[in-house]
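Topology and contacts: notes
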Amino acid sequence: HGFDQSEIDHNSCEKALNNQIRIEAESSQVYLSMASWAEVKGLEGVAGFMYGHSDEERMHMLKLVKYVNERGGHAQISDLKAPE
Ligand SMILES: [Fe+2]
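Quick caveat: nothing in here was measured; it's all calculated off a predicted structure. (Residues numbered from 1 in each chain as written. Predicted model: local features only at pLDDT ≥ 70, side-chain atom pairs only at ≥ 80, totals over all residues.)

Thoughts on the UniProt feature "binding site: Fe cation" (unreviewed entry) in the protein
Keep this limit in mind: UniProt positions are given in the numbering used here, feature names are shortened, and annotations may be inferred rather than shown by experiment. The helix and strand labels rest on DSSP assignments: H or I over at least four residues marks a helix, E over at least two residues marks a strand, and numbering proceeds from the N terminus. A pair of residues counts as a contact when their C-beta atoms, built from backbone coordinates, are within 7 Å of each other.
UniProt's feature table lists "binding site: Fe cation" (unreviewed entry) at Glu24, Glu57 and His60, given in the numbering used throughout. A compact arrangement is adopted by the annotated residues: their sequence extent is 37 residues, whereas the largest C-alpha distance between any two is 6.5 Å. Considering the arrangement of structural elements, one finds glutamate 24 in helix α1 (residues 5-40). Ignoring sequence-local partners within four residues, the contact set of glutamate 24 consists of Glu57, His60, Met61 and Leu64. Turning to its location among the elements, histidine 60 is positioned in helix α2 (residues 44-70).

Thoughts on the nonpolar core
In globular proteins that are soluble, nonpolar side chains generally tend to be buried together. This is how the line gets drawn: Think of a nonpolar core as buried Ala, Val, Leu, Ile, Met, Phe, Trp, Tyr and Cys residues chained together by C-beta atoms that fall within 7 Å. To assign burial, the other C-beta atoms lying within 10 Å of each residue's own C-beta are counted, with C-beta atoms placed from the backbone; 20 or more indicates buried, 12 or fewer indicates exposed, and intermediate counts indicate partly exposed.
Core analysis: the biggest nonpolar cluster contains five residues, these being Ile21, Ala25, Met61, Leu64 and Val65. Mapped by element, the contributors of at least two residues to this core are α1 and α2. A total of three residues in this core trace back to one element, the largest contributor, which is α2. Ignoring sequence-local partners within four residues, the contact set of leucine 64 consists of Leu17, Gln20, Ile21, Glu24 and Ala75.

Quick look at the structure:
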């Protein structure tokens, strides 16, 4: 039998959510990299702000992971490139 429309919508929605999961993970990684850079430079305040922001982006990612899985999808956790 062919796909029905709701199945197609469901799959493309899951794809979009998985893409967003990767974007949140990557931005968490970028802030983490800036936090570490600032910390090594002795910029405590900047480092603290960046660590906090990294945590926030990770929380966004985790919310999406749980949402996809709870709705019967499978959240994809992909490799991340090291930020430049
Ligand atoms: Fe975010």
